[in-house]
Amino acid sequence: MSSVLYDAQGPKAKRRNLVISVVFVAVLAAVLWWMYGALDEKGQLAWDLWKPFFHGEAWSTYLWPGLQNTLKAAALAMIIALPLGAVLGIARLSDHTWVRGVAGVVVEFFRSIPVLVLMIFGLALFSEYTNVSTDDRPLYAVVTGLVLYNASVLAEIVRAGILSLPRGQAEAASAIGLRKNQTMRFILLPQAVTAMLPAIVSQLVVIVKDTALGGAVLTFPDLMAAVGPMSAYYGANTLASFTVVALIFIVINFSLTSFASWLERRLRQGKKSTGAVVTADAVEELSTPGEHVEGKK
C-alpha cells in the first residue's frame, strides 16, 4: 500500500531489505560474540568484579555520594540556566538595537567556548578572587561552566520557539491593545512552551551528562570521580565500575525524558497548540542577532 510519504516496496526491494537485515544482524552478533570472548579472556566478566555492586557497601560508600553531587550540580545549573536563558532569548528579540546587540554578544561568546574550558576558568577565578573554600570550588566551577554555556544555548531555543509561532499571534495581540511585554508574557511565551519543550529537555540531559567533566578533570566528587577509588578498592574492576555509572546516567536521563514527554502530552491536551516543535537543529539556523518577531510593533 502506498502513502503520501513513500511508495510501497516491490518484491525485489523486499528481498534486498531482508538480505541486508539478515547480514546486519549476523555481523552485530559476531561483533558482540567477539567482545564477549575478549572480555572473558581478560577476566573482566568474572563474578568477583561485579559482585560488589550487588551489595550495599559500594553504593553507600562510593555511588550514592557521587550521585548526590551529580544531581546537586545538575539541579543548580538547571535552576539558574533556565531563567537566564529565557531572559537572554527574549532580549535577542528586543526592538532596541543595543539590547539585541549585548544579548547577542553574550550568547554567541559563551556558546562558542567548550563547557570544560568554562569550568577550568571558573575554578581559576574562584581560587584567585574569592574566599570559596577548596572543597567547594569544584562544585562552583562546574555549576558556573554549565550555566554560562547552557544558558546561551537555551537562549537560542527560546528565541527559536517564539519565532516558530505564526506572526498573526503578535499582530492579534497588538490589535487588541496589548503592550509588547504583555504580548510576550501572555500570548507568545505560553504558546511557545510546548514547542520548546523537546529541545529544552534535550539540553537538560546535556547538563546532567556534562557534570561528568567536573569529576574527570576538576576533582569534583561526582559519579565519574567515584570510579577511580571504587575500582582500586574492589580489585581493578574499572570496566564494571564504568558500566554501572553509565547505567545510572541512562536511568536518570531516561526518567527526565519520559517526564518531559508526559508533560508535553498534558500541555498539548490542555490547550490548543500551534503544532510547531523546535528541534536542536533548528536553533543553529537562528544565528543572526538582529532577527525579531515581526508584527510586534
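Here the structure is a predicted model, which means the values were calculated and not measured.

Novice: Sorry if this is basic, but what is going on with a nonpolar patch on the surface here?
Specialist: The grouping of Val19, Val23, Phe24, Val25, Val27, Leu28, Val31, Leu32, Trp34 and Met35 at the surface amounts to a nonpolar patch, some 990 Å² of accessible area in total. As for its position among the elements, Leu28 is in helix 1 (residues 11-41). A relative accessible area of 41% means that Leu28 is categorised as partly exposed.

Novice: Is there a simple way to explain the packing of aromatic side chains in this structure?
Specialist: Aromatic rings in a pair are described by how distant their centres are and how their planes are angled relative to each other. The final tally for this structure, using the stated rule, is eight aromatic pairs. Ring-pair connections join several aromatic residues into one group, and the members of that group are Tyr62, Tyr233 and Tyr234.

Novice: Help me out: how do you make sense of the pattern of salt bridges in this one?
Specialist: Any two side chains of opposite charge can pair, so long as their charged atoms come close to each other. A full pass over the atoms with the stated rule returns five salt bridges. Here Glu156 and Arg111 are joined by a salt bridge, their closest N and O atoms 3.9 Å apart. Note that Glu156 is positioned in helix 6 (residues 137-163) and Arg111 in helix 4 (residues 97-111), a separation of 45 residues in sequence. A single burial state applies to Glu156 and to Arg111, both of which are buried. The closest approach of N and O atoms between Glu156 and Arg159, which form a salt bridge, is 3.0 Å. Of the two residues, Glu156 and Arg159 are both situated in helix 6; the distance of three residues between them amounts to about one turn of the helix. By the burial criterion, Glu156 is buried, and Arg159 matches it.

Novice: Whenever I open this one, the side chain of Asp222 confuses me. Can you help?
Specialist: Examined against the element boundaries, Asp222 turns out to sit in the loop between helix 8 (180-217) and helix 9 (223-233). Within the buried set, Asp222 has no salt-bridge partner at all; the shortest N-O distance to an opposite charge, 13 Å, is to Lys72. Of note is the side chain of Asp222, whose polar atom sits 3.1 Å from the backbone nitrogen of Ala225. Discounting chain neighbours no more than four positions away, the residues touching Asp222 are Gly66, Asn69, Thr70, Thr211, Ala212 and Gly215.

Novice: Just to check I follow, could you spell out the environment of Leu213 for this structure?
Specialist: With respect to the helices, strands and loops of the structure, Leu213 is situated in helix 8. Classification of Leu213 by relative accessible area gives partly exposed; the value is 26%. Spatially, the C-alpha atom of Leu213 lies 8.1 Å from that of Val142, the residues being 71 residues apart in sequence. Among residues more than four places away in sequence, those in contact with Leu213 are Val115, Leu116, Met119 and Leu218.

Novice: What exactly am I supposed to notice about unusual backbone geometry here?
Specialist: Across the chain, the bulk of peptide bonds are trans and the bulk of non-glycine residues have phi less than zero. Unusually for a residue other than glycine, Thr219 sits at a positive phi of about 55°. Relative to the assigned elements, Thr219 resides in the loop between helix 8 and helix 9. Among the residues examined, Thr219 registers a relative accessible area of 62% and is labelled exposed.

Rules of the game
Residues numbered from 1 in each chain as written. Predicted model: local features only at pLDDT ≥ 70, side-chain atom pairs only at ≥ 80, totals over all residues. Heavy atoms only, no water. Patch = residues over 30% accessible without salt bridge, like charges linked within 9 Å, V, L, I, M, F, W, Y side chains within 5 Å. Areas by Shrake-Rupley, 256 points an atom, 1.4 Å probe, with all protein chains shown as cover. Salt bridge = Lys/Arg side-chain N within 4 Å of Asp/Glu carboxyl O. Helix = DSSP H or I, 4+ residues; strand = E, 2+ residues; numbered from the N terminus. Buried < 20%, exposed > 50% of the residue type's maximum accessible area, 1.4 Å probe, protein only. Phe/Tyr/Trp six-rings, centres within 6.5 Å; stacked < 30°, edge-to-face > 60°. Lys, Arg positive; Asp, Glu negative; His and termini not counted. Polar contact = N/O pair within 3.5 Å; in protein donor to acceptor, adjacent residues only side chain to side chain. Contact = heavy atoms within 4.5 Å.

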